[in-house]
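The lines below spell out each chain.
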Amino acid sequence: MKFMLYNVEGLSIPVEAEPGRPFKFNCSEEECGKSVTIEGVILPVSEDEFAVVLNAAIDENPDFKAIEEIKARKYIFKGKVNGVETVLPAETFEDFAKRFIEAVDSVLLLR
């Protein structure tokens, strides 16, 4: 499955992982603007646990306030980013795409 991880060194980074299975992902400086190594696991969680992780990410980096709009609050990432233990909100690409399409559909275009 593909997931979007939020507030990874201030970035939103797409990764491929199976929930509950450890993975490692490297993003080069050329690709991400800085070198990022992600090691950990995507875990299914309750909506309440997701909310705690989401709020912590937004508190740490207010630029991510827009992710409050995530409706499918099912997954978190738990592991290390560049060797530092962290817990981050995660969203499947499918849920991300649905949210994006709903946002685009809600925009009124005037000619």
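Please refer to the structure placed before this passage.
Residues numbered from 1 in each chain as written. Predicted model: local features only at pLDDT ≥ 70, side-chain atom pairs only at ≥ 80, totals over all residues. Heavy atoms only, no water.

**Details of the state of the cysteines**
Then comes step 1: Counting across every chain of the model gives 1 disulfide.
Then comes step 2: Covalent S-S linkage joins Cys27 and Cys32, the inter-sulfur distance amounting to 1.6 Å. The S-S bond linking Cys27 to Cys32 shows a torsion near 85°; that makes this disulfide right-handed. (Disulfide = S-S within 2.5 Å.)

**Remarks on the pairing of strand E1 (residues 2-8)**
Then comes step 1: By the criterion of burial, E1 is predominantly enclosed, with 6 of the 7 residues buried.
Then comes step 2: Between E1 and strand E2 (residues 11-16), which pair antiparallel and follow one another directly, the connecting turn spans 2 residues, one of which, Glu9, has a positive phi of 55°.
Then comes step 3: Bridging between E1 and strand E6 (residues 84-92) involves 3 bridges; their strand directions are antiparallel. Looking at the pairing, Leu5 lines up with Ala90 of E6. (Buried < 20%, exposed > 50% of the residue type's maximum accessible area, 1.4 Å probe, protein only. Helix = DSSP H or I, 4+ residues; strand = E, 2+ residues; numbered from the N terminus. Pairing = 2+ DSSP bridges.)

**Re the packing of aromatic side chains**
Then comes step 1: Tallied over the entire structure, the rule returns 3 aromatic pairs.
Then comes step 2: Ring geometry for Phe23 against Phe77: centres 5.9 Å apart, planes inclined by 65°, an arrangement best described as edge-to-face. Of this pair, Phe23 sits in strand E3 (residues 23-27) while Phe77 is found in strand E5 (residues 75-81), placing the two residues 54 residues apart along the sequence. Judged on exposure class, the residue Phe23 and its partner Phe77 are both buried.
Then comes step 3: Ring plane angle 40° and centroid distance 6.3 Å describe the contact between Phe93 and Phe96, whose orientation is recorded as tilted. Within this pair, Phe93 and its partner Phe96 are both found in helix H3 (residues 93-105), separated by 3 residues, close to a single helical turn.
Then comes step 4: Taking the relative accessible area as the measure of exposure, Phe96 reaches 29% and is therefore partly exposed. (Phe/Tyr/Trp six-rings, centres within 6.5 Å; stacked < 30°, edge-to-face > 60°.)

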